[in-house]
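# Remarks on the overall topology
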Amino acid sequence: MKLATNNQSNNLIKVGVLLDFGSYSNRFDYIDGRHLGVEIGDIVSVRLKGRLMSGLVIDKDFFTESSKEHLKFKYLFVENILQKKVFPNWWKKWVEELAAFHKVDNLKMYKTAFPPGWISRNSKNNSKPTYNNWLGINKLPFEITDNLSIKQISLINYLKINNGAWQSEILKLGFTSNIINSLIKKNLITKQKRKKNKTIKSIFNENRMPQRELPILTSEQKKALNKIEEMKSGEVLLLWGETGSGKTEIYMRVVQNELNNKKSCLILTPEIGLIPQLLDRFTERFKKNVIEYHSNCSSRHRQMVWQKLLEEKEPIIVIGTRSAVFLPIQNLGITILDEEHDISYKQENPMPCYDAREVAIGRMKINNSKVIFGTATPSLKVWKRVSFDKKFNLVRMKQRISQTKIPDISVIDMREEFKKGNSKILSRELLNILSKLNERKEQALILVPRRGYNGFLSCRSCGHVVKCPNCDVALTVHIGSRGQKWLNCHWCDLKIRFFNICPDCGSRAFKPFGIGTQRVIEFLKDELPGLRLIRFDRDTTKGKDGHRKILEDFSKGNADVIVGTQMLAKGIDIPNITLSVVLAADGLLHRPDLSSEEKSLQLFLQLAGRSGRADKSGRVIFQTYQPSHPVISFLKNRDYEGFLLENLRIRRESNLFPFCEVCLLKISGINNTLTEESAHNLASYLEPICRKEAWKLIGPSPGIVAKIGKKFRWQILLYGPDKSNPPLINQKDLLGLMPNNVFLTIDLNPVEI
């Protein structure tokens, strides 16, 4: 069989291309028969079974037509190069090491790290240049103004001053197609097709964000900055600063120092909702080369950012969520992870279940850079590395920048409210404070753990709760702007009609229970009709600028109260907020999770820090049915350090995480019997291996949510000595233990245990 090529040269290049095809083997060989100059790291277009696909070139080799290889195989040509080398030399080895650590194949790791679309079953080049009409001036030896209208003269002058312009821009300025065509006919201007490369839009507008003078640092900020400046490459530092202590200003000063040294910077946040404020502040300070990168950005935008980082010689500031940790930033000086404690830095599903904090530390060692973890409530894991392992440096900032008193935290016992005849969702004291907000020209923030209208729909006669048919969770009641109601699953997004009769017993005592953000908004409208309200949750913040628009609206004073979910507690800095409120948060304290108390206290203290950040004093109100809970005691005293010390002592004595390594194996499938059987078989296989390596195996048992999206879920918990690796065989062999339609997810150091 002859080689599938028209190339007459004796030397041919064979390349290995990684494609999203097949279960285990994703590497396919092709020939650069068209002499495209294919290199390792190129994104190329190839054909597989007649389908045009895009993939990554991961290796290349030379062989001659005289070799025997062409007698065995018929090779296809690489069709086209879509993107030239998309990573620097060190990056490939690093990503493949991450794949091995997280027990996934290289394909999954590359797809996680790359912008969407580069390794795809559809070959499409989103960065392809487009051609647009360019208008220019015809150079004449004399100036013609006779028989020209004012508009025509104005257009000619504009094109002269700007040395031409795109026709689309001219039309936006108010010049019509008739004006343009008439000048072309008079041979005064020209029109030609020109390549218009897509560029990353600048979010900076000098009129909107004028340069301000640098604020004067407090003594604590100066000490913190000095200690950070003393950091050596390869070091990690925890910046533990109270909410309002000025951590963001420290970030910007650190970034300025890195830019002065021609180093680029990476700023990570756990949530997309935090990016608008950071982006505005950094862009105002540094003017240019501030780029955002997150899942709400389009695929095209993310691909262009990636390309810019490869090509740009000047230092760049990138602000993004966890996926930005993989960006090929050249000459990286420092990575700053704001709100370090937030579990959103960890990817739970799908695999690879990576933790951006750990990935950033690993990258630091390769790039010889530095890492800063910033937070007001450090995670137990990071605090262990500071206080017990002595691996991380520490800087504390205990004082707020504002001279106002730190807000008092009031705990209202809702049981007492009920005894006094108040069955409303808000206490009398809270309603009274809210009623005076407008008069005082102040604002409030109310956190509700759940979005929607009501938590669930239940029958008071027989106790039946309406659950999602696909998931083992109750459906949440939602209500539209016109009053229409429906039931929604927050796990699989199923939506069904609302009904008033119990399907089990036929009773009409079938009512919604619990509260969500919509229910609180409606209640406040009824109780305090003069109050201006905004809702801030996943339902209202969709789209790239959804978070920004709502927060800008609120910061401009267009509402008195913002009601939202846990997103509100994270990094929002609005000076006029004087009241922070937590409603119906008791359920957060009793989740079946080892870290539920840690996460709850972090959330409550973060929210408490949103009020009283400027000149006006603030207040925090926490409504609960369990005022004696230990977490409430730590909250009232703002004693987060006491909580850390107490919990780490208990966990150390009990050899619990973070004083051990943990791995959660999640088994899922449509058939519950087969899924359970597979989980038991896997546990039986691993149990002797774990015993040999001094690891313990617990389970299998049903998942915390036993069914999601029609798939039943089982889990096996492995834990072993600190700093040891889980005794797992390679991914291919592990997956081989799973029958068809049963799926395995390997989660190292999971966020929920």
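The structure reproduced in this document is the subject of the present report. Computed from a predicted model, the values in this text were never measured in an experiment.

The next subject is the environment of A360. With respect to the secondary-structure elements, A360 resides in helix 11 (residues 356–367). Its relative accessible area of 2% is what places A360 among the buried residues. For the pair A360 and L337, spaced 23 residues apart in sequence, the C-alpha to C-alpha distance is 8.8 Å. Setting aside its immediate chain neighbours within four residues, A360 contacts V325, T335, L337 and V371.

Close contact between helix 2 (residues 89–101) and helix 11 brings their axes to 12 Å; oriented N to C, the two are set at 145°. In the crossing of helix 2 with helix 11, the sense of the turn from one axis to the other is right-handed. From helix 2, W90, W94 and L98 reach across to helix 11, where they touch V359, G362, R363, I366 and N367. Grouping the constituent residues of the contact of helix 2 with helix 11 by class yields 5 nonpolar, 2 polar and 1 charged.

All right, on to the sheet that holds strand 15 (residues 393–397) then. Ordered in space as 11-12-10-13-14-9-15, the 7 strands form an open sheet in which the pairing is parallel. Because the sheet does not close on itself, it has two edges, and the strands there are strand 11 (290–293) and strand 15. Sheet twist, expressed as the average angle between the axes of neighbouring strands with direction ignored, equals 20°. Here strand 10 (residues 264–268) runs beside strand 12 (residues 317–320); their pairing, made up of 4 bridges, is parallel. By the bridge assignment for strand 12, I267 is matched with I319.

So, on to the pattern of salt bridges. This structure, assessed with the given rule, holds 31 salt bridges. We note a salt bridge from D747 to K346, for which the minimum N-O separation is 2.4 Å. Taken together, the residues span a long stretch of sequence, with D747 in strand 30 (residues 742–748) and K346 in the loop between strand 13 (332–338) and helix 11 at a distance of 401 residues. Across the pair E687 and R691 runs a salt bridge, and its minimum N-O distance is 2.2 Å. Placement of the pair is E687 and R691 together in helix 21 (residues 672–692), with a separation of 4 residues, close to one helical turn. Because the salt bridges share partners, they merge into one network encompassing K384, D389, D722 and K723.

Cut-off values and rules
- Residues numbered from 1 in each chain as written.
- Predicted model: local features only at pLDDT ≥ 70, side-chain atom pairs only at ≥ 80, totals over all residues.
- Heavy atoms only, no water.
- Helix = DSSP H or I, 4+ residues; strand = E, 2+ residues; numbered from the N terminus.
- Buried < 20%, exposed > 50% of the residue type's maximum accessible area, 1.4 Å probe, protein only.
- Contact = heavy atoms within 4.5 Å.
- Axes fitted to C-alpha atoms, helices over the stretch in contact; angles between N-to-C directions.
- Left-handed = near helix turned anticlockwise from the far one by under 90°.
- Nonpolar A, V, L, I, M, F, W, Y, C, P; charged D, E, K, R; others polar.
- Pairing = 2+ DSSP bridges.
- Salt bridge = Lys/Arg side-chain N within 4 Å of Asp/Glu carboxyl O.

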